[in-house]
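This is what each chain is made of:
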Amino acid sequence: MKSPIKVVVTGAAGRIANSILPRICHGDGFGFDQPIDLVLLDIAPALKVLNGVIMELQDCSFPLLRGIEASADPMVAFKDADFALMLASCPYQPGMMRLDFLTRNKAIFKEQGIAINAVAKKTIKVLVVGNPANTNCLVLAAHAPSIPRKNFCALTRLDHNRAISQLCFQAKCTPADISGSICIFGNHSSTMVTFTEDGTIKGKPVADVVGKEFLVSQFEPRIQERGYAIISEKGSPSVFSAASAAIDCIHDWMVGTDRVVSMAVASSGKYGIPEGVFYSFPCVCKGGEWEIVDLKVDPTRNPELNTKLQKSYEELVSEAKMAGIY
Ligand code: LMR
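Residues numbered from 1 in each chain as written. Predicted model: local features only at pLDDT ≥ 70, side-chain atom pairs only at ≥ 80, totals over all residues. Heavy atoms only, no water.

Engineer: Would you mind showing me how to read the UniProt feature "domain: Lactate/malate dehydrogenase N-terminal" (unreviewed entry) in the chain here?
Structural biologist: Annotation from UniProt places "domain: Lactate/malate dehydrogenase N-terminal" (unreviewed entry) at residues 5–152. Overall, residues 5–152 shows 41% helix and 19% strand. The separation of its end C-alpha atoms is 17 Å. (UniProt positions renumbered as here; feature names shortened; annotations may be inferred. Helix = DSSP H or I, 4+ residues; strand = E, 2+ residues; numbered from the N terminus.)

Engineer: Looking at this structure, how should I read the UniProt feature "domain: Lactate/malate dehydrogenase C-terminal" (unreviewed entry) in the chain?
Structural biologist: Here the UniProt feature "domain: Lactate/malate dehydrogenase C-terminal" (unreviewed entry) sits at residues 156–319. When the span residues 156–319 is considered, its composition is 45% helix and 26% strand, and the gap between its end C-alpha atoms is 17 Å.

Engineer: It is not clear to me how the state of the cysteines should be interpreted in this structure. Could you clarify?
Structural biologist: Working definition of a disulfide: a covalent bond connecting the sulfur atoms of two cysteines. The tally for this structure, following the rule as stated, stands at zero disulfides. In this structure cysteine 25 is not part of a disulfide, and its nearest cysteine sulfur, from cysteine 60, lies 7.7 Å away. Cysteine 90 takes part in no disulfide bond, and the closest cysteine sulfur, belonging to cysteine 137, lies 18 Å away. Here cysteine 90 falls in the buried class, since its relative accessible area comes to 13%. (Disulfide = S-S within 2.5 Å. Buried < 20%, exposed > 50% of the residue type's maximum accessible area, 1.4 Å probe, protein only.)

Engineer: Whenever I open this one, the nonpolar core confuses me. Can you help?
Structural biologist: As a rule of thumb, soluble globular proteins bury nonpolar side chains together. The biggest cluster of nonpolar side chains holds 61 residues, and the ones touching the most others in it are Leu38, Leu85, Leu127 and Met263. If one sorts the elements of this core by residue count, helix α9 (residues 240–254) sits on top with eight residues. Taken domain by domain, the makeup of this core includes at least three residues from each of domain 1 (5–154) and domain 2 (157–322). Dropping the residues within four chain positions of it, methionine 263 is found in contact with Cys153, Ala154, Thr156, Cys249, Trp253, Tyr279, Ser280, Phe281, Cys283, Cys285 and Trp290. Of all hydrophobic cores here, the second largest spans 31 residues; its members include Phe78, Val119, Ala133 and Ala154. (Core = buried A, V, L, I, M, F, W, Y, C linked by side-chain atoms within 4.5 Å. Domains from an automatic or database assignment. Contact = heavy atoms within 4.5 Å.)

Engineer: Any chance you could explain the side chain of serine 280 here in plain terms?
Structural biologist: Note that serine 280 resides in strand β11 (residues 278–286). Looking at serine 280, its side chain comes within polar contact range of the side chain of threonine 156, at 2.7 Å. At 2.7 Å, the side chain of serine 280 forms a polar contact with the backbone oxygen of isoleucine 184. Serine 280 has contacts with Asn134, Thr156, Ile184, Phe185, Gly186, Ser262, Met263 and Ala264, leaving out every residue within four places of it along the chain. (Polar contact = N/O pair within 3.5 Å; in protein donor to acceptor, adjacent residues only side chain to side chain.)

In structure tokens, the structure reads:
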């Protein structure tokens, strides 16, 4: 059994946390041989709720849960943290100006970035789930300059999982029938770009099974708009699918995977995306480190790809400007 790691969860009294905490404590994220000291961070008025959350987690008798505490102070919560799962954000309200949305989130992630920079372990790894995830991650990393940029990641695994699921639905197959690289590029927003050229379904190229027309006119818009479609049906954003995707991302990043997965990580010029934003790329992970995979991109098969990749990049630059990073 390994030594315990300190895992901080922000927004710990919220709905996504409610779905994710039992799974983390069960071992689904960090592995079944990894004990955890859990720290729940939320605003002061939520501390009473957090006491109830702690009681429930205690009642589960999870063998891997070694310690658990709650705090409303980021300087206390992030002290010596090994991993931070950033669920808290200011939710988008209908009618809210985009600038207002980004500015409110900037305030949250700036305060938390400063705390991470000051008190967390320099090896901390951070996954941002709260939206706008890519730009919140950029704000966080910008305020934690003593932590390597490669230790920050924003969640696009939800979009990746949605892509696999929609292909299965169309091809009447299961995820196990899909191989090769299926991935998401860009922002976790309606400018995201799906990439299926390297994928196969039961050994045949994806486009040969589901048709190019489906991929362009139905599949990609469906993934781009899925979050809104869920809000319009449920009246509130996705909860357990986001939690499940975050667990998948933590697992593959920290424990490792043979598959290509989508992670929004610091851009470095690959795929023509300049340094300076957190952008979803196809990644492989080993030993707690990710690496961007160089997929074969054939411009004759996908002439629009570059334009779409740049559009998502430009959206991220405009978000970064609104958040005061550029
Ligand atoms: C989703 O994609 O379901 C969520 O990111 C949507 C949201 O605004 O929380």
